[in-house]
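Survey of secondary and tertiary structure
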Amino acid sequence: MARKSHVQTTINGEAVEFLCEPRQSLLEVLRDELHLTGAKEGCNNGNCGACSVILDGRLVNSCLVLGVETDGKSVETIEGLADPDKLHPIQDAFLENAALQCGICTPGFIISAKALLDQNPNPTEHEVRYWLAGNLCRCTGYDKIVRAVLDAAAAT
Amino acid sequence: MPVVAIPALMRNLTDGEDSVTIPGATIREVIDNLETRYPGTKAKLCDGDRIHPSIGVYINGVVTRVGMHARVDADAELHFLPAIGGGVVSD
Amino acid sequence: MSEKKEYKVIGTRPIRHDGVDKVTGRAIYGADFQITGLLHGRVLRSPHAHARIVSIDTSRAEAHPGVKGVVTAQDLPEAEDKIADLGEGAVSLKYLCDNILASDKALYKGHAIAAVAATDPHIAEEACELIDVEYEVLPPVLEVRAAMEPDAPIIHENIRTSSLGETGDKPSNVASHIQFKKGDIEKGFDEADIVIEREFVTGTVHQGYIEPHNATALYNPDGQLTVWCSTQGAFTVREQLAEILQYPISKIKVVPLEIGGGFGGKINVYIKPVAALLAKKTGKPVKVLMNRADVFEGTGPTPASYITVKMGATKDGKITAAQTSMAFEAGAYPGSPVGAGAMCIFAPYNTENVLIDGYDVVVNKPKTAPYRAPGATNAAFGSETVIDELAEELNIDPLEIRLMNGAKEGDHRADGPVFPRIGFIETVEAAKSHPHYTAPNGKKHHGRGVASGFWFNIGLESSVTINVNPDGTVNLVEGSTDIGGTRASIAMQAAEVLGIPAESVNPTVVDTNSIGYTAVTGGSRTTYATGYAAYEAAQDVVRQMIERAAKLWDVDEANVQFTDGEFSSINGKEEQISFRDLSARLGETGGPVVGRATMNPAGAGGAFATHVVDVAVDEETGKVEILRYTATQDAGKAIHPSYVEGQIQGGVVQGIGWALNEEYIYNDEGEMTNASFLDYRMPTCLDLPMIDAVIVEVPNPGHPYGVRGVGEVPIVPPPAAIANAIYDAVGIRMTELPMSPDRLLKAMGKI
């Protein structure tokens, strides 16, 4: 086992320090070290998007980022989206549109949608579909997810 | 009397008949009477004293959940087909 | 059951009860579970598709720092010649156990051989590489027709073909043969003016749930085994563990955590017994997770198949005869869904003369598992394509030929039983009158296709208890895993009975120690059967509350009625109290009220669907684009229409993936060469248009609100509908799935 590194980062606006092995992905660190299990492992090779987080404003698959790479950076995860007494408009739109079934891909889709709306507040349906093509959902057929993101864009 | 549809692979035991009328007020009575008229049929449908777990018994188009105990109307139509489980068919 | 009844809750679209947990990342899925002292397990899998295991040496792995235990098939109880009863049918215990950890032979690449528990998942993975397994590699059998050849290598020496109890006299890869026969098939073809016979091949596809399998197991020193996992049915996990481990059911508790998709693939157990064995060996809790390649290579796909279909019709479109032979790959052990496929293939059509043969065939691929309407999609690809061809040859509209021959109440299904009230015709009419069907579609290489589908749906056991709270809300306790919003659809049925809002019912899915037996979430049964149990449990609450009101008012129970959430006194005293107000007075009238019901309902009713699809075929690349999709389906009564639409849309898209891209690609050695989400290409949202889900409601007489299961049938029509649309676009009949660009280019003579 390699010696653990000391990493100082910001997660959902809070300063966080952790120890991790160089081989541990950000996804492993979030889930196993920090117990932030909202990001899910679906494939562990960047093809499903269930582990999506925002790293310094950029959408990434946390399974493809090493924990040590986040030193000095800022990470946004699904756990940081809602206010204590109010959901984020994208979360509300997912609930109102019934845009989830099993829910395993939902945190990844919501984070991806947030990254899209942060840079393009009024996307077309095609732009939504293009942007979300890196997130797999096997339950919904995507129809209600796309509608939810369009609704969230219209609401904000 | 209840009408029993004979499964295709059992018709060698019923002189080729695909459908026979058999007396009985329960599935158990019908199967016992079928066995009396066509020996060997009960062993195909039952595992000891219960319906074979791989077989579903349909009474008038509806699968019964109580096997041998199910009551049978005088004009009932019975089928013995592969059982369908939770999306599974046992063979 | 009253038709046209006004409902207050049913048919509305409340926010699902577990929704906030799931959009905030707080819901705990199987892999999210944590417990102090946890070890991590990893399974070593066979690199060969067919091999005899000569020896396994685990000593180097055991000596690796951080390793706490290693298990092999030697750690499983002796299984030879025992029969396991899983409630839904008898299976060989040896097959069941051998699929968990191979004892004598590895039967597919990815077959579990041994497993390690270590302090860290990476150490467990390293240790797997230190297990020395000596194999004698055998020739693999990889395709159903090859497996049926008389000189094919034999996978199981003890398998003889069984036909309703008769067994063959020599070893065979054909585990069983089934047959359905109705009328006189020869006479039927003689009466036909046109006969069409085609053969079809479908590939191996996976359920493709996004969450890999997972399990955490713990043995207490008193012998109590607890397993936390995601599963479609905690009770079936308990049964399988009891059989595989030969351990008393009373000592096993299965705790179902949230589940990330199943589609039939999370009924059979794989790593749950392995976690239990590792927990027993180490005395610690052990979590075992699969990775994506493990899921593809080590868990049930759905069968590849070879199907011939021959159908005859008169000039005016009446189908006079229908014949098929269906051979399904069971995978490494017997038990494909060929029986279900055989019972579904001609079910939508009222045909006098039918002959159906089905074969369950073992091959060196993972043991297949159910996948959404198992067997029916393979079957419909054949029958619905041939019907399209009949319609074309006879110059009859393809929906019209379905209306002319479509099954109705009182008709007999091809495999025999009489249909109760069903809604097949209504789905065809809904498709025909939908604007999509008459919209212009004349562009070059654009085409439109239709197809229909049938699935049985099932009932099976469900248990529900309802505890009344003093504020007029209720806690509903149930045992059905919620994969797609069934907490809501079950709670809504209780709310309707009690006259309270959906939000006033708090549904909870509990472990196997906390509720009566409940069968799997599968067979499109949950909203139907567990919903029915919730309805009955709520009726039980009402009965008890009527007693309380009677006590309160000192009147006879017969003089209390309950309507619209209000109890009132009739025949005398003018008294009235709401459900909510009476809930606050339970203490003074006799104590808590707990309603309960168990169900095993028989009248699940059948589900039918009819789909219309427009495609564009790119002549240069062979790529098929889905331009527009409309799916009509009989839901009986849609409890929560949004989640019914969601089931339809999701099923359609899985069917589109099966039709166009998804398949296991094998090399000659029997290795799957595309075991990742990059190379096993499931549809993304960029591949699709919106899916128009049209709910038709023909109430099911077997349910108090008329519910029919909706989950499975939407996957059945898409491959045939798309094949028919491709034909309309480019004039080529595709008979092999998937209809991927390379196959299409070949069929068009471009490569």
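For clarity, every value in this text was computed on a predicted model and none was experimentally measured. (Residues numbered from 1 in each chain as written. Chains lettered and ligands numbered in written order. Predicted model: local features only at pLDDT ≥ 70, side-chain atom pairs only at ≥ 80, totals over all residues. Heavy atoms only, no water.)

**Some points on the overall build of chain B**
Across its full length, chain B holds 2 helices and 7 strands. Helices and strands in chain B line up, N terminus first, as β-β-α-α-β-β-β-β-β. The C-alpha radius of gyration of chain B comes to 12 Å, within 12% of the 12 Å expected for a compact globule of 91 residues. Taken over the C-alpha atoms alone, chain B extends approximately 35 × 25 × 20 Å along its principal axes. Sorting the 91 residues of chain B into buried and exposed places 55% on the buried side. Long-range contacts, defined as pairs at least 24 residues apart, comprise 43% of the intrachain contacts of chain B with a sequence gap of at least 6. (Helix = DSSP H or I, 4+ residues; strand = E, 2+ residues; numbered from the N terminus. Rg over C-alpha atoms; globule rule 2.2 N^0.38 Å. Buried < 20%, exposed > 50% of the residue type's maximum accessible area, 1.4 Å probe, protein only. Contact = heavy atoms within 4.5 Å.)

**What to know about the packing of aromatic side chains**
Describing an aromatic ring pair means giving the distance of the ring centres and the angle of the ring planes. Under the defined criterion, the tally for this structure stands at 24 aromatic pairs over all chains. When the ring of A:F109 is compared with that of A:Y142, the centres are 6.2 Å apart and the planes differ by 55°; the resulting orientation is tilted. One end of the pair, A:F109, is in helix α3 (residues 106-119); the other, A:Y142, is in the loop between α4 (125-131) and α5 (143-155), with 33 residues separating them in the sequence. Since its relative accessible area comes to 0%, A:F109 is described here as buried. The class for A:Y142 is buried, based on a relative accessible area of 1%. An aromatic cluster is built from C:Y349, C:F419, C:F424, C:F454, C:W455, C:F456 and C:F608, whose rings are joined through pairwise contacts. Its end group placed over the ring of C:F189, C:K310 keeps NZ or CZ at 4.4 Å from the ring centre. A cation sits over an aromatic face here: C:R733 above C:Y727, 3.8 Å from the ring centre. (Phe/Tyr/Trp six-rings, centres within 6.5 Å; stacked < 30°, edge-to-face > 60°. Lys NZ or Arg CZ within 6 Å of the ring centre and 35° of its normal.)

**Focus: the sheet that holds strand β15 (residues 225-229) of chain C**
Sheet strands pair by backbone hydrogen bonding; their relative direction is either parallel or antiparallel. Residue and element names in this part refer to chain C. A sheet is described by the order of its strands in space; here 7 strands give the open sequence β3-β7-β1-β17-β14-β15-β16, paired in mixed fashion. At either end of the open sheet lies a strand with only one pairing partner, and these are β3 (67-72) and β16 (252-256). Neighbouring strand axes in the sheet, compared pairwise and without regard to direction, differ in orientation by 20° on average. Note: strand β1 (residues 39-45) against strand β7 (residues 112-118), 6 bridges, orientation antiparallel. Paired with H40 across the two strands is A118, which belongs to β7. Its contacts with the sheet put helix α7 (residues 234-245) on β14 (214-219), β15 and β16, and the angle it makes with β16 is roughly 145°. Along the sheet face, helix α8 (residues 272-282) touches β1, β3, β7, β14, β15 and β17 (286-289) and points at about 35° away from the line of β14. (Pairing = 2+ DSSP bridges. Axes fitted to C-alpha atoms, helices over the stretch in contact; angles between N-to-C directions.)

**Regarding the domain arrangement of chain C**
A common way to express how large an interface is: the accessible area buried when the components associate. Residues and elements named next belong to chain C. Structurally, chain C comprises domain 1 (19-27 + 459-599), domain 2 (33-138 + 211-260 + 266-298) and domain 3 (301-457 + 605-747). Spacing between the C-alpha centres of domain 1 and domain 2 amounts to 39 Å. Facing the 19 residues of domain 1 at the interface are 17 residues of domain 2. Of the roughly 1500 Å² buried where domain 1 meets domain 2, counting both sides, 58% is carbon and sulfur surface. (Domains from an automatic or database assignment. Buried area = accessible area lost by both parts, 1.4 Å probe.)

**Quick notes on the environment of A:D118**
Here A:D118 lies in helix α3. Expressed as a C-alpha distance, the spacing of A:D118 and A:A153, which sit 35 residues apart in the sequence, is 9.9 Å.

**A few points about the interface of chain A and chain C**
Contacts between the two partners involve 50 residues from chain A, matched on the other side by 57 residues from chain C. Interface area, chain A with chain C, both sides summed: about 4400 Å², of which 59% is carbon and sulfur. At the boundary of chain A and chain C, one finds 5 salt bridges. For the salt bridge of C:D32 with A:K40, the shortest nitrogen-to-oxygen distance reads 2.5 Å. On the surface where chain A and chain C come into contact, there are 25 residue pairs in polar contact (both at pLDDT 80 or more). Among the secondary structure elements, those contributing two or more residues to the side of chain A that touches chain C are α1 (26-33), α2 (89-96), α3, α4 and α5 of chain A. The class makeup of the residues in the side of chain A that touches chain C is 21 nonpolar, 14 polar and 15 charged. (Salt bridge = Lys/Arg side-chain N within 4 Å of Asp/Glu carboxyl O. Polar contact = N/O pair within 3.5 Å; in protein donor to acceptor, adjacent residues only side chain to side chain. Nonpolar A, V, L, I, M, F, W, Y, C, P; charged D, E, K, R; others polar.)

**Considerations on the pattern of salt bridges**
A side chain of one charge can pair with a side chain of the opposite charge if their charged atoms are brought near each other. Enumeration over the complete set of coordinates arrives at 50 salt bridges over all chains. Through salt bridges with shared partners, one network takes in C:R16, C:D18, C:K22, C:E258, C:D482 and C:R487.

**Some points on the packing of helix α15 (residues 486-498) of chain C against helix α16 (residues 526-553) of chain C**
Any two packed helices are characterised by the angle at which their axes cross and by the distance between the axes. Residues and elements named next belong to chain C. As a packed pair, α15 and α16 sit with axes 8 Å apart at the nearest point and diverge in direction by 30°. Put simply, α15 runs roughly parallel to α16. In the crossing of α15 with α16, the sense of the turn from one axis to the other is right-handed. Seen from α15, the contacting residues are T486, S489, I490, Q493, A494, V497 and L498; seen from α16, they are T526, T527, T530, G531, Y532, A534, Y535, A538, Q539, V541 and V542. The residue makeup of the contact of α15 with α16, split by class, is 10 nonpolar, 8 polar and no charged. (Parallel < 35°, antiparallel > 145°, perpendicular 65-115°, else oblique. Left-handed = near helix turned anticlockwise from the far one by under 90°.)

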